[in-house]
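Residue-level structural notes
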Amino acid sequence: MTCGEMIVSEEFREIIRDYAATESVPGFEEYCIQTITPEISIVSFREPFDVPVSISRYQHFGIPKCYGLMQEEAQGGFPFDPFPLIASGITQVQREPLNLKGRGVILGFVDTGIRYTQDVFRDESGQSRILALWDQSIQEGPPPEGMLYGTEYTREQINRAIASGNPRQAVPSWDELGHGTAMASVAAGSALTDGASGGQSFIGAAPEADIVVVKLKGAKQYLRDYYLIPDDVPAYAESDIITAVKYIERFAVTFERPVVICLGIGTSYGDHTGSGILSRYLSEVAGRRSRAAVVCGGNEGDTSHHFYASEESAQSQDVELRVGEGDRGFILEFWTEGVNNYTVGVRSPGGETIQNANSRMNQLINYGFIFEKTVLQVEYQRIEPRTGRDVIVFRFENPTPGIWTFLVRSSSGTSIGGFHMWLPIRQFLSGDTYFLKPDPYTTLTDPAMSPDTITVNAYDDRDGSFYNRSSRGFAADLGIKPDLTAPGVDISTSVGNRSGSSMAAAITAGAAAQMMQWAVIEGNYMLASGREIKNYFILGAVREEGVLYPNRMWGYGKLQIRRTFAELAGLL
């Protein structure tokens, strides 16, 4: 079996490693290694189906996290609403004298693909502005150079397909869900005119940027089963997202061809400090010259999926979780702060209590209940390698509806720091499950805590209010995230109106392409990286009187790129 076949085969699992794996992998006879960087590799390997996925076997960071889409369909549709772009200062800098439309810049999208036949992705001559499309889910054609799976379609192939009578026969990749198409059209849609009035009927933030798209393949079934993700919900594996970022980053040419990578996906798994491998890799890429990465903050602010106890209250805490009817199961993660000696017991709705999970556990333990059908798997990892924190993973199968109570105690009374508990993102839960005393903060989704990325929350440009579903910061280690807010409510896209932090990220990615054109293509600041672009945006951000910045909801303020240039010109 070839490496490409192993990567897509349901018979093979993946482990993410924070080092370059050698040519041999002890313990496995069949395996394949994808080297991402000298510090990151992905190993596909065959394992018997009866071997459970566990952090004691693979490490917490080694199990690919599953990510979901961070937008929802909104009411309404066309006609095109230009005000989100105007509120962000984007429309103003598209005009003379700046004339910033993303010329010479590449916008890359890691998402659900793209409906490449749409007019919003063509230039004035009718040719496609899509440089390349890597569909990870199609194995019939050649993969990109240096990649081991999927099929790459070039601009030439896309143009021939569009000119043919049956484009999807020539280039079968298609965005069935529309999420990636919506993102790309908002960030980089070409200007369209209304034939009747001659007026503008649609335009994206960077209508002259070139486009690169990765259509992610769906997460493998073993991961969906491990995370207990509902069958009808899209989910994507961290390992495939990492390879997608590597693919897009290769299109950058330092000082000549900038790349802006945009992600509208997120997950609540992990410690929420930006220590995960995807977060660190994105930060590494965004720190390079002529690169930037924009990620959404997530839509978890109103879900009641996060609980926090400070050091003062954490010594003895009963945490109540309400499990809804019909919830087939979920993974809940418990993360400590600092050096701790916590034990955690669990009491079922029927009153049965399991023994305390404690730091001496280093194996997966299954618990059953006499009066419940629930199966509870508990695993404790002392000093998780990438964070230095303790983590307990609780995996509930067929949880009994009602109130479950976590009995958290400091075993020695000397614990330093509090603790966090996170449920999965809303779409990964099959029932109405939530904490009774939640904390709406520290609900940003991974990779929003990535240090050098531009992390964006959403607001409603119609009245200036914060989008109630947007996640809140800061990071669990108090790192300043989000960085900015941008319009994200009822945004016009080429597939209908959408809301969510992914829409805010798409608008900001388009603005980043405008900024890269000014900085790199036009030679005003050739050394620009994502770090500098972020600071340019912070310079011009709109900040309200009476609000303390940086802010857990607003970051450093609302995106306003026109104000950035006014600041640079000394006009403010």
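So, how was this worked out
- Residues numbered from 1 in each chain as written.
- Predicted model: local features only at pLDDT ≥ 70, side-chain atom pairs only at ≥ 80, totals over all residues.
- Heavy atoms only, no water.
- Disulfide = S-S within 2.5 Å.
- Helix = DSSP H or I, 4+ residues; strand = E, 2+ residues; numbered from the N terminus.
- Buried < 20%, exposed > 50% of the residue type's maximum accessible area, 1.4 Å probe, protein only.
- Pairing = 2+ DSSP bridges.
- Phe/Tyr/Trp six-rings, centres within 6.5 Å; stacked < 30°, edge-to-face > 60°.
- Lys NZ or Arg CZ within 6 Å of the ring centre and 35° of its normal.
- Salt bridge = Lys/Arg side-chain N within 4 Å of Asp/Glu carboxyl O.

What to know about the state of the cysteines
Throughout the structure, instances matching the rule amount to one disulfide. The disulfide partner of Cys3 is Cys32, and the gap between their sulfur atoms is 2.1 Å. Because the sign of the S-S torsion sets the handedness, a value of about 115° for the bond joining Cys3 and Cys32 places this disulfide among the right-handed ones. With Cys3 in helix H1 (residues 3–8) and Cys32 in strand S2 (residues 31–37), the pair connects residues that are 29 residues apart, well separated along the chain. The partly exposed category is assigned to Cys3, whose relative accessible area is 28%.

Section: the sheet that holds strand S14 (residues 265–266)
What links the strands of a sheet is backbone hydrogen bonding, and the strands pair in either a parallel or an antiparallel sense. On the basis of which strands lie adjacent, the open sheet formed by three strands has the order S12-S4-S14 and antiparallel pairing. For this open sheet the edge positions go to strand S12 (236–237) and S14, each flanked by a neighbour on one side alone.

Topic: the packing of aromatic side chains
Summed over the entire model, instances satisfying the criterion amount to 23 aromatic pairs. Each ring, one from Tyr525 and one from Tyr536, has its centre 6.4 Å from the other, and the planes form 85°; the classification is edge-to-face. Within this pair, whereas Tyr525 is found in the loop between helix H11 (501–521) and helix H12 (530–540), its partner Tyr536 is found in helix H12, the two being separated by eleven residues in sequence. Taken together through their ring pairs, the aromatic side chains of Phe330, Phe369, Phe394, Phe396, Trp404 and Phe406 make up a single cluster. Between Lys558 and the ring centre of Tyr459, over which it is positioned, the NZ or CZ distance is 4.7 Å.

Some points on the pattern of salt bridges
Tallied over the full model, the rule gives 29 salt bridges. Among the ionic pairs, Asp240 bridges to Lys217, the shortest N-O distance being 3.2 Å. Here Asp240 is found in helix H9 (residues 238–249), whereas its partner Lys217 is found in the loop between strand S11 (210–215) and helix H8 (221–227), with 23 residues between them in sequence. For Asp240, a relative accessible area of 4% gives the class buried. A relative accessible area of 8% places Lys217 in the buried class. Its salt-bridge partner being Arg395, residue Glu397 comes within 2.7 Å of it at the nearest N-O pair. Take Arg395: its relative accessible area is 9%, and that puts it in the buried class. Among the charged side chains, a network of salt bridges with common partners joins Glu72, Asp302, Arg426 and Arg469.

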